[in-house]
Structures are given as C-alpha cells and as structure tokens.
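Spelled out, the chains give:
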Amino acid sequence: MKTYLPSRFIIERDPSRCIQCKVCVNQCTFDVHYYDAEDDEVRSHEENCVGCHRCVIFCPTNALTVRRNPLDYRENYNWRPEVIEDIIKQSETGGVLLTGMGNDKGYPIYWDHLLLNASQVTNPSIDPLREPMELTTYLGQKPDRVEIEPSSLSLKTQLAPQVKLDTPIMFAAMSYGAVSINVHKSLARAAAGAGTLWNTGEGGLHPELYKYGNNTVAQVASGRFGVHPEYLDVARVIEIKIGQGAKPGIGGHLPGEKVSAEVSATRMIPEGTDALSPAPQHDIYSIEDLAQLVYALKEATNYTKPIAVKIAAVHNSAAIASGMVRAGADIIVLDGLRGGTGATPKIIRDNVGIPIELALASVDTRLRQEGIRNQASIVISGGIRNSGDVAKAIALGADAVYIGTAALVALGCTLCQQCHTGKCAWGICTSNPALTKRVNPDIGARRLTNLLRGWSLELKDILGGMGINAIESLRGNRLQLRGIGLTDTELEILGVKMAGS
Amino acid sequence: MKNNQVVKIDASGIFYRELNAKLREVVSDGVQKIELCNIYGQRYIGTDLDKPVEIEIFGTPGNDLGAFMDGPKITVHGNAQDGCGNTMNNGEIIVHGHAGDITGLSARGGKIFIRDNVGYRAGIHMKEYQDRKPVVVIGGTAQDFLGEYMAGGVLILLGLNLKKGECHKANFIGTGMHSGVIYMRGNVQDFQLGKEVGVAELDEKDGLVLKELVSEFASHFGYAAEEILKHKFAKLFPLHLRPYGRLYAY
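Just so it is clear, the model here is predicted, and its values are computed rather than measured. (Residues numbered from 1 in each chain as written. Chains lettered and ligands numbered in written order. Predicted model: local features only at pLDDT ≥ 70, side-chain atom pairs only at ≥ 80, totals over all residues. Heavy atoms only, no water.)

Chemist: Sorry, what's going on with the overall build of chain B here?
Modeler: Within chain B one finds 3 helices and 12 strands. The C-alpha radius of gyration of chain B comes to 18 Å, within 12% of the 18 Å expected for a compact globule of 250 residues. Projecting the C-alpha coordinates of chain B onto the three principal axes gives extents of approximately 55 × 50 × 30 Å. Looking at chain B as a whole, 56% of its 250 residues are labelled buried. Accessible area of chain B: about 10600 Å², with a carbon and sulfur share of 48%. With 28 positive and 30 negative side-chain charges, chain B shows a separation of 2 Å between the mean positions of the two kinds. (Helix = DSSP H or I, 4+ residues; strand = E, 2+ residues; numbered from the N terminus. Rg over C-alpha atoms; globule rule 2.2 N^0.38 Å. Buried < 20%, exposed > 50% of the residue type's maximum accessible area, 1.4 Å probe, protein only. Areas by Shrake-Rupley, 256 points an atom, 1.4 Å probe, with all protein chains shown as cover. Lys, Arg positive; Asp, Glu negative; His and termini not counted. Charge placed at Lys NZ, Arg CZ, Asp CG, Glu CD.)

Here you go:
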C-alpha cells in the first residue's frame, strides 16, 4: 500500500561540507542515509527520519541539518497534523498505535506554576559553599514516636528498615530489555557512586550487577520476570509495581525480537518469546491482597528491607495511597501523567492519568489528615526535569524523586519517541548488541554522576536561599511555595497560596 | 544428629510471623523434617526457606503457601488456599485435598500436586527457563482461565472426580498461552478453550513426560497410575509464541 504519511523531517546536507565519509549512513538505525556509489554521494530517505539527531551530532564536518518538514495543512485546531497522521497510520496497519517516552501533550505543567521562596532580612539565607547543608534522606516507615533508654540514651524503639540516600534523587525503573545492559550498568554505577538508588524495572537483574545490590531497587511486577530468591536477597529495596504513569492500567508486551539471549537469561524466559506482563497482578485484586504480597515479600526477605509499592497517578490516588500505607508499604511511589516508557499504546499515554503535582499534593494531604504520613515515604516520578522540580516536589510532600527521562537524556536520548521500535540510534532503548555498544558504561556513569552532582549543588543553593540547612525541613513545607496563574481549586488541591498573598 | 530428628510445632494460636520465624530458626539449626500441627490459615509457610527440608502440615495453611519458595518439600494433609506456590522457584508442594485460586502463579520451577480441585487461574503465567520447568498436576478439575498466559512448564488436569461423560467446567483454558504444555484427561467443548491454544494428540515424548508425572502424582495419593493413563489425554499447546505480536501499528 502506498503510504499517505508525509515525511516528518527534512534533511539538509551542505554539499560544501559533506566529505562522503558515511558516518551518517553507519550511525542511522532508521535507514535514512545511504551512499550512492554510482554518483559517489550520500543521500537520504527523509521519510524514515525520526529526528533523533544522531547523524547531526556525529557528522564530523557539521554538514547536516534536520528540520521539521514545514508542510502545512490548512489551519484546523481540531484536526491537527498529529491527529491526521495517526489516522493515516492506523488506516494503513489496523493496529494499536505504539509510542515511547512520556505524554507530550500540552496539559498544564504545574511545576511551571509554582514558585519557590527565599529569605530576605527577617531570617538569614545560608551560603551552602561555606556552611553544612544536608541532603541526606531516609526512606522507610518511621515510628509514631521514639523512646529513648534514659540510662544509656540509646534508642529503645525498634526502627523499621531504613535506606539512606545521600541525595533525594533516584533513577526510575527502566527494565533490562527495554533499555540496554550498558544503560543498566551506567545507572547502577552512578547510583553507587552518588549514594542513591537505581531501579531494575520489571525485567530482572543481570548477575553482573549483583555487586550493586546495595544501591538497587528490585521490581516485582505482574510478569514476575527474573524474580527469584537471590534477586530479592541482593536488592536494597523491593518495589511492587502496580502501574506506571505512561500506561496506567495496562500491562506490558516486550516484543519477542527484543528478547535476546542475554535478556532471556535475566528475565528467565525462552529467547524470542514475547514477555507478557499481565495488566493486573493476578494475586492482587484488593488492598487486602496487596497487603498479602507486601508481607509475602517481607517474609521472603525476613523483614530486612523496605517494600515499596508503585502506582500510576490516577483520579483516586489519595484513597488508594491510604490503602497502600495500611497494606504495609514502607515506600509509596507515584508515577505521573508525564512518566516515560519503552512502549505504550499512544492513546493510553496521551489520555490516561493525572499530573504528578496534583497526585502528590492530594496524597500527602490525605495521609497527613489520616495521621499515617509517617508510616511510609513518598517517592514521585513522571516529568522531573531539573532541580527546581525536585525542590518543588519535596516542598509539596515528597521524600525523594525518581528520574527516568532526565537520566536517559543525560545518556544521549533526544526524545524522538521511537523506544518501542528497538532501533534506538543512541543505543539506549534497544537490545541489539551492536547498538548497545553506543553507550559506554564508563562514560554513561560519568554523565549521570555529573547530572546528580549538578542538581544536588543546585538543591543546596535553593535550600540556602530559603534559610534552610536540611532537606527534611523543606519536606511538605508548602509555605515555601506560591502558585501563579492557577485557579482557586488548583491552589486548594496543591495546598499553596497565590503568589503575592 | 539433628538431620534425622523430626521437629513438631503446634501452631494453634500462633500468628504467621512467629511461626515462620520459628521455621527459619529450626531450619537454620539443620533440622530437615518438620511437622506442623493445628495450622489454621497461617500464611507464607515455607516462603523464606531455601533448604530441601520436609514439612508436613496438618490443618489448612493460609494463602501464599510456599510463595517464592526455593527448595522445601511441603505436604499438606488438608486443603490449601489461594496462591499456593506463588512465584515458586524450586521445591515441591503436595496437597491431599483442594487448592484455591492462582495455584502456581508465575512459578518458575518445582512441582505442585493437588489431589482434588483447584480454583480460578491455576498455573497462570508459569514460565520455564532452560532446565527449570514448573509442573502442576491437578487430580480433580479446575475453574476458569486454567493455564492463562502460560509461558512454560507442564500443567496436567486429570479430572479424576468427573462423572462419566461429564465435561470439565473451566472456560477460557489456556487464554494467552504462549509456551509450555497442558495435558488434559476428561472432555472439554471447543468453546471452553482459549483462542490461543490448539489441540493435538500426544506423541511419544508427551507420553513419557505424562507417564512420569502421573506416576509421581499416583504415588503421592495412592492411585494406580496405569488406571489413570488408560484414558485418552489431549494435549493443548500454544498456537503462537507471540500471540499479541500483530496487535500494533509501528
């Protein structure tokens, strides 16, 4: 069938710069560039271009420019080009549209409507360059009260297992299979170096990475891939995955072509078969059932590590979160509308769930009202772009954040949204052995460590400006936030005042 | 010395957490045989035990019996509840009675023998990898979605308690199945099978597997394997390795 899809990008090759070196031909995984031997010229199949910029960055003579195809449809606010092109794609395939990364639609980004405070005159700001500034965060259930043994001044209360983070920024769940082994290595090394955690996602843990177990969150999801006693033992935290922001209510299908020999060994399934994660966990149909799995995992690890439960942010998150805490979760993880993924039905990604800012505020408020906020830490994810977002999240009530997309961007991702194809030209979201080499774990870990260092320094600056010397004094401290351009209802849900008031 | 010793624990009035802590302690002492009496619904028995100990249970163990278990052999003189053998890695569970829903959910290894019936979604998402191959043998019949999403292993449904000419009750058998095999004795109508499974005659290799496992089942519960094997069996197999591969527009 002749496709009616127009090219999305135009590739301009400056003939005065191009030296026919074919770097672009070799770098492109979408079969865009090709060498015409007869004319001794490199040319392009523009229609295949996804705009990932791999060729542009690697062209040694800067000969390439990739631009949006300026093809203009007649103006129509309802029938926008994306809407038209989705229909064309489905009329040519009859399938569910797949995509990668997080929601890219123009829903309000509340971080951009929240402003942070700073001290002026009435309380001094602190200079983090010269004064101690504490970002240390402990995740896990906190006791209702602590008792001290008067004679020895030692702690009498027995604490639930706690995990110490040197900075409240962790790497979000991205499974081996969705991302490459070198991405896992980069994340694990960076997390270990920076004193934080990374997350295996639901695809198991490669034995080579067991040595980073102390910095690893091991996920237990509906497919139970790679979940075995050693996996549970080696991890620092175990996370039950109920849902994810990019596809609330949807299971996962890792396509058979991505299940390579190595991926099959880690997931513990035969090579080439689809790895199907059912939509629900079939042992969890209620809060009581969730409690059962939480305690099964506590039993399986002899109560030595916190159990986290992750849900997608949806309309009744606050009530669900209350149930999760009562089910024994030590950490609750909320993943918002803009959370990324390796593959999701586009219609789900673009239409299901709520922004993380609103979910976080309502969950934190609800748990406080019920007097159970201390019983679980709150970790959020889904669209955290910089340290400003981190500070705002903590002020709204989070204990820590997960970053997924931002971490991938640090490794080279340009958000071309082709993760589901397995052809990632940056070698990130692929299991093709030739492509995975494009991420060097030494360099990857350095880039990620740098990112964490930069954000942590900025967080200290933000705290210092507020006159606060420890991140825990910012947690849930919504007086440090003001809203701008928000309705009364939005301000009420976020629990913040209007800027100027 | 302790190796031959049988430790008896009276579990009446003991919460599962204490009971399992006690089990851990006894097993780390090197005890290899344990008898648990008066079990009334205590959960997770055998979960954190990674040694090939033998546990005899008298009573009704609670949900998630042997969840994540890695090695022990558990014999239940009574019924088991839901989630028996959940995500089990290795070991054996023998139930002299019924078992509840999701028996053997996501099991990756080990063997589960249920003398009578099981509830819904037994054997769901069992998976195999190399030499690890979970086995579930059910003496009676099962409820809907038997072997759903099955990704490996062997599931045997014997229907020993069906009356002559009576069909199994389960619908949607093997829905979403994409690996492994189900051997079934007793009739089912076509509409009871999931869209993703095909029906075939057993070949020689199937016969060997079936004989071995049915003999094991028979020896646990005092049946005659030859009698069971005399009847005709059907083999249910996945039609596709990738049942949902053609669902998407790339």
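Having put the structure on the table, let's press on.
Chemist: Honestly, the domain arrangement of chain A in this entry has me stumped. Any pointers?
Modeler: Size of an interface: often given as the accessible area lost when the parts come together. Residues and elements named next belong to chain A. Taken as a whole, chain A is organised into domain 1 (9-95) and domain 2 (167-470). Residue-level contacts link 13 residues of domain 1 with 12 residues of domain 2. Taken over both partners, the interface formed by domain 1 and domain 2 buries close to 1000 Å², and the fraction arising from carbon and sulfur atoms is 57%. Its largest share of buried area at the contact with domain 2, domain 1 owes to Thr29, Phe30 and Arg54, together 49% of the area lost on that side. Taken together, domain 1 and domain 2 are joined by 2 salt bridges. When contributions to the side of domain 1 that touches domain 2 are tallied by element, the ones reaching two or more residues are helix 1 (23-27), helix 2 (54-58) and helix 3 (81-93). Its residues assigned to classes, the side of domain 1 that touches domain 2 comprises 5 nonpolar, 5 polar and 3 charged. (Domains from an automatic or database assignment. Contact = heavy atoms within 4.5 Å. Buried area = accessible area lost by both parts, 1.4 Å probe. Salt bridge = Lys/Arg side-chain N within 4 Å of Asp/Glu carboxyl O. Nonpolar A, V, L, I, M, F, W, Y, C, P; charged D, E, K, R; others polar.)

Chemist: Which parts of the structure should I look at to understand the interface of chain B and chain A?
Modeler: Listed per partner, the contact involves 41 residues of chain B and 44 residues of chain A. Applying the counting criterion to the chain B and chain A interface returns 1 salt bridge. A salt bridge links Glu299 of chain A to Arg24 of chain B; the nearest nitrogen and oxygen atoms lie 2.9 Å apart. Across the chain B-chain A interface, the total number found is 15 residue pairs in polar contact (both at pLDDT 80 or more). In terms of residues, the side of chain B that touches chain A owes the most to one element, helix 1 (residues 16-28) of chain B, which gives 4 residues. (Polar contact = N/O pair within 3.5 Å; in protein donor to acceptor, adjacent residues only side chain to side chain.)

Chemist: Help me understand the packing of aromatic side chains in this model?
Modeler: In this description, a pair of aromatic rings is defined by centroid distance and the angle of the planes. Taken as a whole and judged by the stated rule, the model has 6 aromatic pairs over all chains. Taking the centre distance of 4.4 Å and the plane angle of 40° together, the rings of Phe15 of chain B and Tyr16 of chain B count as tilted. Above the plane of the ring of Tyr35 of chain A lies Lys22 of chain A, whose end atom (NZ or CZ) is 4.2 Å from the centre. Cation over ring: Arg121 of chain B sits above Phe145 of chain B, and NZ or CZ is 4.3 Å from the ring centre. (Phe/Tyr/Trp six-rings, centres within 6.5 Å; stacked < 30°, edge-to-face > 60°. Lys NZ or Arg CZ within 6 Å of the ring centre and 35° of its normal.)

Chemist: What should I look at first to understand the nonpolar core in this one?
Modeler: For soluble globular proteins, the rule of thumb is that nonpolar side chains tend to be buried together. In this structure, Phe171, Ile332, Ile380 and Ile428 of chain A are the most contacted members of the largest nonpolar core, which totals 128 residues. When we break this core down by domain, the ones giving at least three residues each are domain 1 (9-95) and domain 2 (167-470) of chain A. Counting residues in each nonpolar core, the second largest holds 47 residues, with Leu65, Ile93, Met184 and Leu193 of chain B among its members. (Core = buried A, V, L, I, M, F, W, Y, C linked by side-chain atoms within 4.5 Å.)

Chemist: What exactly am I supposed to notice about helix 8 (residues 317-326) of chain A here?
Modeler: Every α-helix carries 3.6 residues per turn, so stepping three or four residues along brings you back to the same face. Residue and element names in this part refer to chain A. Counting buried positions over the 10 residues of helix 8 gives 7, a clear majority of the element. Listed in full, the buried residues belonging to helix 8 are Ser317, Ala318, Ala321, Ser322, Gly323, Met324 and Val325. Residues of helix 8 that are buried make contact with helix 7 (287-300), strand 17 (307-312), strand 18 (331-335) and helix 10 (356-369). Following helix 8 by one or two positions, Gly328 adopts a phi angle in the positive range, close to 105°.

Chemist: Explain helix 2 (residues 204-221) of chain B to me, please; I cannot follow it from the model alone.
Modeler: Taking 1.5 Å of rise per residue, 18 residues should cover 26 Å, and helix 2 of chain B covers 26 Å from first to last C-alpha, within 8% of that figure. Positive phi appears at Gly222 of chain B, one or two residues downstream of helix 2 of chain B, with a value of about 70°. (Expected span 1.5 Å × (residues − 1).)

Chemist: When you look at a nonpolar patch on the surface in this model, what are you seeing that I'm missing?
Modeler: Residues and elements named next belong to chain A. A cluster of nonpolar side chains, Val146, Ile148, Leu153, Leu155 and Leu159, forms an exposed patch at the surface whose accessible area comes to about 470 Å². Mapped onto the elements of the fold, Val146 is located in the loop between strand 7 (137-139) and strand 8 (148-149). A residue is classified by how much of its surface remains accessible, and Val146, at 48% relative accessible area, is partly exposed. (Patch = residues over 30% accessible without salt bridge, like charges linked within 9 Å, V, L, I, M, F, W, Y side chains within 5 Å.)

Chemist: Just checking my understanding: could you explain the side chain of His206 of chain A for this structure?
Modeler: One can find His206 of chain A in the loop between strand 12 (198-199) and strand 13 (216-220). Not counting residues up to four positions away in its chain, the partners in contact with His206 of chain A are Tyr176, Ile181, Glu262 and Thr266 of chain A.

Chemist: What am I meant to see in the sheet that holds strand 19 (residues 344-345) of chain A here?
Modeler: Note: strands within a sheet are paired through backbone hydrogen bonds, in either parallel or antiparallel orientation. Ordered in space as 19(A)-5(A)-12(B), the 3 strands form an open sheet in which the pairing is mixed. Bordering the open sheet on either side are strand 19 of chain A together with strand 12 (248-249) of chain B, each of which pairs with just one other strand. Two strands pair when backbone bridges link them, and strand 5 (residues 96-99) of chain A and strand 12 of chain B are joined in this way by 2 bridges, in the parallel orientation. Counterpart to Val96 of chain A in the pairing with strand 12 of chain B is Tyr248 of chain B. (Pairing = 2+ DSSP bridges.)

Chemist: It is not clear to me how the packing of helix 11 (residues 387-396) of chain A against helix 14 (residues 441-466) of chain A should be interpreted in this structure. Could you clarify?
Modeler: Two quantities define a packed helix pair, namely the angle between the helix axes and the distance between the axes. Residues and elements named next belong to chain A. Here helix 11 crosses helix 14 at 55°, and the two axes come no closer than 9 Å. Judged by the inter-axis angle, helix 11 sits oblique to helix 14. Considering only the axes of helix 11 and helix 14, their crossing is right-handed. Contacts between helix 11 and helix 14 pair Ser387, Gly388, Val390 and Ala391 from the former with Trp455, Glu458, Leu459 and Ile462 from the latter. (Axes fitted to C-alpha atoms, helices over the stretch in contact; angles between N-to-C directions. Parallel < 35°, antiparallel > 145°, perpendicular 65-115°, else oblique. Left-handed = near helix turned anticlockwise from the far one by under 90°.)

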